[in-house]
Amino acid sequence: MKIEKTFLSQLRKVNFKKISFGSYYSDHMFCSEYRNGIWKNSTIKPFGNIVVSPISLVFHYGQAVFEGMKAYKDKNNNVFLFRPKENFKRMNRSAIRLEMPSIPEEIFMNGLKKLIDLDRDWIPNNYGQSLYIRPFLIATDGILSAKPSKNYMFMIISTPVDSYYNKPLKIKVEEKYGRSVSGGVGFAKAAGNYASSFYPTRLANEEGFDQILWTDSSTHTKVEESGTMNVFFLFKDTLITPKFNDNILSGITCNSIISIAKKDKIKVEERDLNILEIIEGLKNGELKEAFGCGTAAVITFFKIISYKGIDYCLPKISDKNRISMYLKKRLLDIQHNLSKDPFKWRFLLEKS
Ligand code: PLP
Ligand code: COI
């Protein structure tokens, strides 16, 4: 792999006390090209603009998929990636659905390891902070016909981050717009899924809500996800989360929370969840907590769920009594090497 280091690190410009999502990008980026069936030219170079044709397929037909993962530091400045192979596998599941080439594991993992090792000083070492890593794959053929590209570019960039949300969220149950359809691309991390969510989310924002709670687009009764998060609802002492299906992105955070909860003897059900069960639970007090989870969001709890124009408040519970906060700490402690890792999720990044 060719490695071209930057002459002038931008690290001194970063104020680690104030790092909102994506405000700074680390010094280097990884890039690999797919040309006529062969991956070539894997390179790490200084972060900067790339040159692509204005008729690149990605701009016109949206052939683009991406991933989101994080690197953490422990107190001794050891660096850990969290379950990177899960992101690798999901990226290729997304790529297949968008008729894009799979990325060889060696290219993904070597690019990732070398890049993050080179930019390890960009990883904050405060609890809860991390380096957010964004691998992405785009179609680069300069041809206007609507057909899959023959050429692609796979890249990895990274940005130091704090948690994505800094307050409990007000959520609106969406009954008009849909995020995904059965047989569609909802399970994939396809760029277009995000573009299509922006308009309904902006409408919800204008009504005073932070995020949408997506429901299935045919009946608008089954709960799916919220924004860029999978969701959990605590009914009495049981956590319920919608079972992954082809409408739902199979979140690595959600999967990790399910494993931690099961290990800690917290009851968890993965199943279809009807919005009326949630409203009933809010009315009769059986719904104790509701929260979203994701790589960027970590765990963020909901304070209001709005359905058919009525705002329902979740019970006010102190943080120390919240299952969501307990699970968040369990997860962060594993990620920051503050507790044992019975699941073998931490991936130590060797120093070169
Ligand atoms: N759902 C959507 C739509 C997302 O964008 C994300 C974020 O990646 C998630 C769920 C959570 O997935 P993960 O925990 O793998 O980040
Ligand atoms: C993530 O949590 O990794 C995401 O992809 C969220 C991002 C779209 C802001």
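None of the values given here were measured: they were computed from a predicted structure.

Here the focus is the overall build of the protein chain. For the protein chain, the helix and strand inventory stands at seven helices and 18 strands. For a compact globule of 352 residues, the expected C-alpha radius of gyration is about 20 Å, and the protein chain comes in at 21 Å, within 12% of that figure. Counting only residues that meet the buried cut, the protein chain has 52% of its 352 residues in that class. Put simply, 71% of the contacts in the protein chain that link residues at least 6 apart link residues at least 24 apart. Surface summary for the protein chain: the accessible area is close to 16,400 Å², and the carbon and sulfur share equals 52%. Taken as two groups, the 53 positive and 37 negative side-chain charges of the protein chain have centres that lie 4 Å from each other.

Another point: the site of ligand 2. Ligand 2 sits among Phe21, Phe66, Gly68, Tyr132, Arg134, Tyr164, Lys189, Tyr194, Thr228, Thr295 and Ala296. Between Thr295 and ligand 2, the recorded distance is 3.5 Å, taken from a backbone N or O atom to an oxygen atom. Between ligand 2 and the protein, one listed contact pairs an oxygen atom with a backbone N or O atom of Ala296 at 2.8 Å. Considering ligand 2 on its own, with 280 Å² of exposed area, one finds that the protein chains cover 90% of that surface.

Bringing a nonpolar patch on the surface into the picture now. Together, Ile55, Tyr61 and Leu144 make up a nonpolar patch on the protein surface, roughly 270 Å² of accessible area in all. Its location among the elements puts Ile55 in the loop between strand S3 (38–46) and helix H1 (57–61). Using a relative accessible area of 34% as the deciding quantity, one classes Ile55 as partly exposed.

All right, on to the packing of aromatic side chains then. Where two aromatic rings form a pair, the distance of their centres and the angle of their planes describe that pair. This model, assessed by the stated rule, comprises 14 aromatic pairs. With a centroid separation of 4.1 Å and an interplanar angle of 15°, the aromatic rings of Phe343 and Trp345 are classed as stacked. Taking the relative accessible area as the measure of exposure, Phe343 reaches 23% and is therefore partly exposed. Ring-pair connections join several aromatic residues into one group, and the members of that group are Phe21, Tyr132, Tyr164 and Tyr165.

Now for unusual backbone geometry. Phi is positive for Asn77, close to 65°, though the residue is something other than glycine. Positive phi, close to 50°, is recorded for Lys236, a residue that is not glycine. Checked against the element boundaries, Lys236 lands in the loop between strand S12 (229–235) and strand S13 (238–241). Judged by its relative accessible area of 53%, Lys236 falls in the exposed class.

Overall, the coordinates contain 19 salt bridges when judged by the stated rule. For Lys308, the salt bridge is made with Glu175, and the minimal N-O distance between the two is 2.9 Å. With Lys308 in the loop between strand S16 (298–307) and strand S17 (310–313) and Glu175 in the loop between strand S9 (169–173) and helix H4 (191–206), this pair connects stretches of sequence that are 133 residues apart. A salt bridge links Arg322 to Asp319; the nearest nitrogen and oxygen atoms lie 3.8 Å apart. Three or more residues are tied together by salt bridges with common partners; here these are Glu269, Arg271 and Glu277.

With that settled, consider the nonpolar core. Phe108, Leu112, Ile116, Leu137 and Phe154 are the most contacted members of the largest nonpolar core, which has 36 residues in total. Of all the elements in the fold, those that place two or more residues in this core are strand S2 (28–35), S3, strand S5 (69–73), strand S6 (79–82), helix H2 (84–97), helix H3 (105–118), strand S7 (130–139) and strand S8 (152–161). Non-local contacts of Leu112, meaning those with residues more than four positions away in its chain, are made with Met69, Leu81, Pro84, Ile133 and Ile156.

Reading guide: rules and limits
- Residues numbered from 1 in each chain as written.
- Chains lettered and ligands numbered in written order.
- Predicted model: local features only at pLDDT ≥ 70, side-chain atom pairs only at ≥ 80, totals over all residues.
- Heavy atoms only, no water.
- Helix = DSSP H or I, 4+ residues; strand = E, 2+ residues; numbered from the N terminus.
- Rg over C-alpha atoms; globule rule 2.2 N^0.38 Å.
- Buried < 20%, exposed > 50% of the residue type's maximum accessible area, 1.4 Å probe, protein only.
- Contact = heavy atoms within 4.5 Å.
- Areas by Shrake-Rupley, 256 points an atom, 1.4 Å probe, with all protein chains shown as cover.
- Lys, Arg positive; Asp, Glu negative; His and termini not counted.
- Charge placed at Lys NZ, Arg CZ, Asp CG, Glu CD.
- Near = heavy atom within 4 Å.
- Polar contact = N/O pair within 3.5 Å; in protein donor to acceptor, adjacent residues only side chain to side chain.
- Patch = residues over 30% accessible without salt bridge, like charges linked within 9 Å, V, L, I, M, F, W, Y side chains within 5 Å.
- Salt bridge = Lys/Arg side-chain N within 4 Å of Asp/Glu carboxyl O.
- Phe/Tyr/Trp six-rings, centres within 6.5 Å; stacked < 30°, edge-to-face > 60°.
- Core = buried A, V, L, I, M, F, W, Y, C linked by side-chain atoms within 4.5 Å.

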